[in-house]
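# Understanding the architecture of this molecule
Each chain, letter by letter, is given below.
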Amino acid sequence: MSILPGAYMRRMQDILGEDYPRYEASFDSPAARGLIVNTAKTTQDVFDRLFTMPTRPLSYFEKGRRLLSEDKVGGDPLHAAGLYYMQDPGAMSAVAALPEVKGRVLDVAAAPGGKTIAAALTGNEAFVVANEVNFPRAKVLLQNVERMGLTNVAVTSLPPRDFARYTPESFDMIIADLPCSGEGMFRKEPQAVSAWNENINLMNAERQKEILSDVLPALKEGGTLLYSTCTYAPEENEEIVAYLIEKYGMRLLPPKKEVLAVTAPAMSVNGLDLTNARRFYPFIEEGEGQFFAILQKPGERIYTTKSIPTKVSINEERRVRDFLSRNLSAEIPVINKQGEDYYAVHPLARTLPLRYLSEGVRLGELSGGKFLPHHNLFTAYGGYFKNKEDLSLSDPRLDDYLRGLEIDAKNCSDGYVAVTVEGHSLGGGKCVEGRIKNHYPKGLRTR
Ligand code: SAM
C-alpha cells in the first residue's frame, strides 16, 4: 500500500500480524456508507417502502443500515425530511455497543451529530446535551438535530471544562468521541493520510487526556463513559483506557454481544485486560475504523433532579400555548425562552444550568403580539399540525417546495400549515387563498 506512511504500515503490521494483508486489501474497496433510520419519525417498514436505494440491515445496530449505493443523497426529499442520517457503519458500532442510554447524556464532542442522533434515538427517554466547542461546527450540528426533528436533544457550544464547572456530577452518561489522528478514515479521507506524521498520535493522546480530565467531573459517580476514536493508534486508544482505569479508578464494561461479534479485542496495556474495549476493522465488518470503550466511574449512581425555573412569563407562555393549541394536537410539557425565541424543552434540560445554543425544539418568537413559528417547530411537530399539506414523492410540488417556491394548496386551509412528505414533517408555510407561501429556510433550499 504505497500511499500509507511507512512507519504507520510497520506499526499496523505489528498490531495485526497475519491479518495485515486483509487490512491492506480493504483499501481496494470504496469506503462503506451507512445510514441511521430516524425511528422517532418513521418506522423501518415505512422507510423500506419509501427509500429506493438498496440497503442491508446491520447485525449489531437495529436502526443502522449499510447503504449499497454510491449515489448522492443530498437532494433526496426523505433526507431533507430527516428520515435518515448518513453515518459510516463503523462509527455506529460505538453507540450500538451501549447496553442502555438513559437519563442525562452529554456528548462532549458532538458535531456533525452522528453519535448524538444514534444515542437520542436509542434512549428515547434520555435527554442528550450535544456539545461542540467549535462554533461553526456547532451550527452544523444544530441544523442536523433540527432536520431530524429530535425533541430530546439540546445543543451547546462550550469548552469541555465548563461542564465540570457548571454541572458537576450531573450526567448519567458522557460520550467522548474525541478528535484523533483519524487512521481509521484513511480509506475514506485521503487528506487524513497526508496529515499523518509520527508525532501526531502523542499530540492527540495529550489532547484526549486533557478533554477527559476536563469533562469527567461532570459525570455522576457510577455513571458511564463511552470513549471512542476513529484511529488505530494504541497511544490514543488502549493507553487512554489504561489512563482512565489507573488514574480515575474506572471499570471497563462489556459491550453488547452483537457488537462483540463484529469487532476485535483491544490489546493489553500495563498488564490490564482490555478485551472489552473494541477495535472495528473493515476486514472484519464493512465500515471504517473505530475504537471504543465503555467505562464506569466508581461510586453509586443516584438519579436526582432539581428543577430550575423557566424564564418565560405567565402572559408570554399563555400566548405561545394559545398558538400551539390552535395549531397542534400535541401537548408541549415545558416551554422556555432564550433570547427572543421560545423553546419546547425536555424537562431534564431545566435541571442543568447551562448556556444553550438551543435548549430543545425552537418553536418561534412573538412579534407585535403575533407568534411567528420557526422551521424547527415544523420539523419536530409537523406531524401534529392540524393544518397539513402532504406531498407524495412523485408530486411535482415537492421539488418546488424544496427550491423555496410558492406551491398550490390542495388540502390545507388558510393559516400556518405543516408541509409533509409521505406523511413525514418537512417544513412549513402559510396558506393564503389556495397558495402556500414557502417558509422552508433559504440556507436549506436545493437551488
Ligand atoms: N461525535 C461526532 C459525530 O459522531 O458526528 C464526531 C466528533 S469528531 C470525531 C471530534 C470533534 O471534537 C470535532 O467536531 C472537533 O471540532 C471537536 N474538538 C476538537 N478539539 C476539541 C477540544 N479541544 N475539545 C472538545 N472538542 C474538540
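Right above here is the structure, for reference.
The following paragraphs examine the structure supplied in this document. (Residues numbered from 1 in each chain as written. Predicted model: local features only at pLDDT ≥ 70, side-chain atom pairs only at ≥ 80, totals over all residues. Heavy atoms only, no water.)

## Here we look at the state of the cysteines
We count it as follows: Disulfide: a pair of cysteine sulfur atoms within 2.5 Å of each other.
Going through the model one piece at a time under the given rule, you end up with 0 disulfides. Note on C180: no disulfide assigned, nearest cysteine sulfur contributed by C230 at a separation of 3.4 Å. Here C431 is not disulfide-linked; the sulfur of C412 is the nearest cysteine sulfur, at 3.2 Å.

## Quick notes on the site of the ligand
Under the convention used in this document: One heavy atom suffices: a residue is near a molecule or strand as soon as one of its heavy atoms comes within 4 Å of it. Polar contacts, as used here, are pairs of N or O atoms within 3.5 Å; protein pairs need one atom able to donate a hydrogen and one able to accept it. Residues neighboring in sequence count only if both atoms are side-chain atoms. All accessibility values rest on the Shrake-Rupley procedure with a 1.4 Å probe; residue burial counts only the protein chains present in the view. By the criteria applied, helices consist of DSSP H or I runs no shorter than four residues and strands consist of E runs no shorter than two, each listed in order from the N terminus. Put simply, Ala, Val, Leu, Ile, Met, Phe, Trp, Tyr, Cys and Pro go in the nonpolar bin, Asp, Glu, Lys and Arg in the charged bin, and everything else, Gly too, in the polar bin.
With respect to spatial proximity, 18 residues lie near the ligand, and among them A109, G114, E132, R137 and D177 are the closest. A distance of 3.0 Å separates a nitrogen atom of the ligand from a polar atom in the backbone of A109. A distance of 3.0 Å separates an oxygen atom of the ligand from a polar atom in the backbone of G114. When isolated, the ligand has an accessible area of 600 Å², and the protein chains bury 79% of it. Residue assignment for the shell around the ligand shows that the elements contributing at least two residues are α6 (114–122) and α10 (200–215). Among the residues making up the shell around the ligand, the classes are represented as 9 nonpolar, 4 polar and 5 charged.

## Observations regarding the sheet that holds strand β16 (residues 361–367)
Note the cut-off: Only when DSSP finds a minimum of two bridges between them are two strands counted as paired. Every axis in this analysis is a line fitted to C-alpha atoms, fitted for helices over the stretch in contact. Angles between the N-to-C directions lie between 0 and 180 degrees. We call two residues in contact whenever any of their non-hydrogen atoms come within 4.5 Å of each other.
Taken together, the 4 strands give an open sheet; going across it, the order is β14-β15-β16-β17, and neighbouring strands pair in antiparallel fashion. In this open sheet, the two strands that pair with only one neighbour each are β14 (334–338) and β17 (370–373). Across the sheet, the axes of successive neighbouring strands diverge by a mean angle of 35°, strand direction being ignored. As judged from the 4 bridges shared by β16 and β17, these two strands associate in the antiparallel manner. Residue pairing in the sheet places L366 in a bridge with F371 of β17. Across the face of the sheet, helix α13 (residues 314–327) comes into contact with β14, β15 (341–345), β16 and β17 while running at roughly 120° to β14.

## Here we look at the packing of α10 against helix α11 (residues 238–248)
Each packed pair of helices is defined by two parameters, the angle between the axes and the distance between the axes. How we decide: Our angle categories are set so that under 35 degrees counts as roughly parallel, over 145 as roughly antiparallel, 65 to 115 as roughly perpendicular, and the remainder as oblique. Take the far helix as the reference: if the near one is turned anticlockwise from it by less than a right angle, the crossing is left-handed, and if turned clockwise, right-handed.
The geometry of α10 relative to α11 is characterised by a closest axis approach of 11 Å and an angle of 40° between their N-to-C directions. Classified by the angle their axes make, α10 and α11 are oblique. Here α10 and α11 pass one another in a crossing that is right-handed. Side by side, α10 and α11 meet where A205, Q208, K209, L212 and S213 of the first sit next to I240, Y243, L244 and Y248 of the second. Taken together, the residues of the contact of α10 with α11 break down into 6 nonpolar, 2 polar and 1 charged.

## Quick word on the nonpolar core
Put simply, the rule reads: What is meant by a nonpolar core is a set of buried Ala, Val, Leu, Ile, Met, Phe, Trp, Tyr and Cys residues, joined one to another through side-chain atoms within 4.5 Å. When a residue's accessible area, from a 1.4 Å probe over protein chains only, is under 20% of the maximum for its type it is buried; when over 50% it is exposed; and in between it is partly exposed.
Judged by nonpolar contacts, the single largest core of 44 residues is most densely connected at V129, F163, F171, L225, L244 and L295. Mapped by element, the contributors of at least two residues to this core are β6 (127–131), β8 (171–177), α10, β9 (219–229), α11, β13 (290–296) and β15. Counting residues per element, this core draws most heavily on α11, which supplies 6 residues. Sequence-distant contacts of L225, defined by excluding residues within four places in its chain, comprise I174, A176, L212, L216, L219, L244, M250, A293, I294 and L295. In this structure, L58, V101, A118 and L253 belong to the second largest nonpolar core, which totals 39 residues.

## Re the environment of C412
For C412, the location among the structural elements is in the loop between β19 (407–408) and β20 (415–421). C-alpha separation for the pair C412 and I436, spaced 24 residues apart in sequence, amounts to 8.8 Å. Once residues within four sequence positions are removed from consideration, C412 is found in contact with N387, K388, E389, V417, C431 and I436.

## Focus on the environment of N201
Tracing the sequence through the fold places N201 in helix α10. Note on N201: relative accessible area 4%, which makes it buried. When the C-alpha positions of N201 and E359 are compared, they lie 35 Å apart, and in sequence the two are 158 residues distant.

## Looking at the sheet that holds strand β2 (residues 55–58)
Judged by pairing direction, the sheet is antiparallel, and its 4 strands sit side by side in the order β2-β3-β1-β4 without closing on themselves. At either end of the open sheet lies a strand with only one pairing partner, and these are β2 and β4 (84–86). Pairwise comparison of adjacent strand axes, ignoring direction, gives a mean angle of 30° for this sheet. Pairing geometry for strand β1 (residues 33–37) and strand β3 (residues 61–67), over 4 bridges, is antiparallel. Bridged to L35 within β3 is R65.

## So, the pairing of β20
For β20, the tally of buried residues reaches 6 of 7 residues, placing the bulk of the element in the interior. Of the strand pairs in this sheet, strand β18 (residues 388–391) and β20 are connected by 4 bridges, and their pairing is parallel. The partner of E389 across the bridge, within β20, is V419. Sheet analysis places β20 next to strand β21 (residues 424–432), joined by 7 bridges and oriented antiparallel. Paired with V421 across the strands is H424, a residue of β21.

## Points about the pattern of salt bridges
Convention followed: Should a side-chain nitrogen of Lys or Arg be within 4 Å of a carboxyl oxygen of Asp or Glu, the pair is scored as a salt bridge.
Scanning all chains against the criterion turns up 22 salt bridges. With a closest N to O distance of 2.9 Å, E359 and R350 form a salt bridge. Here E359 falls in the buried class, since its relative accessible area comes to 3%. A relative accessible area of 8% means that R350 is categorised as buried. The partner of R403 in a salt bridge is D399, with the nearest N and O atoms 3.9 Å apart.

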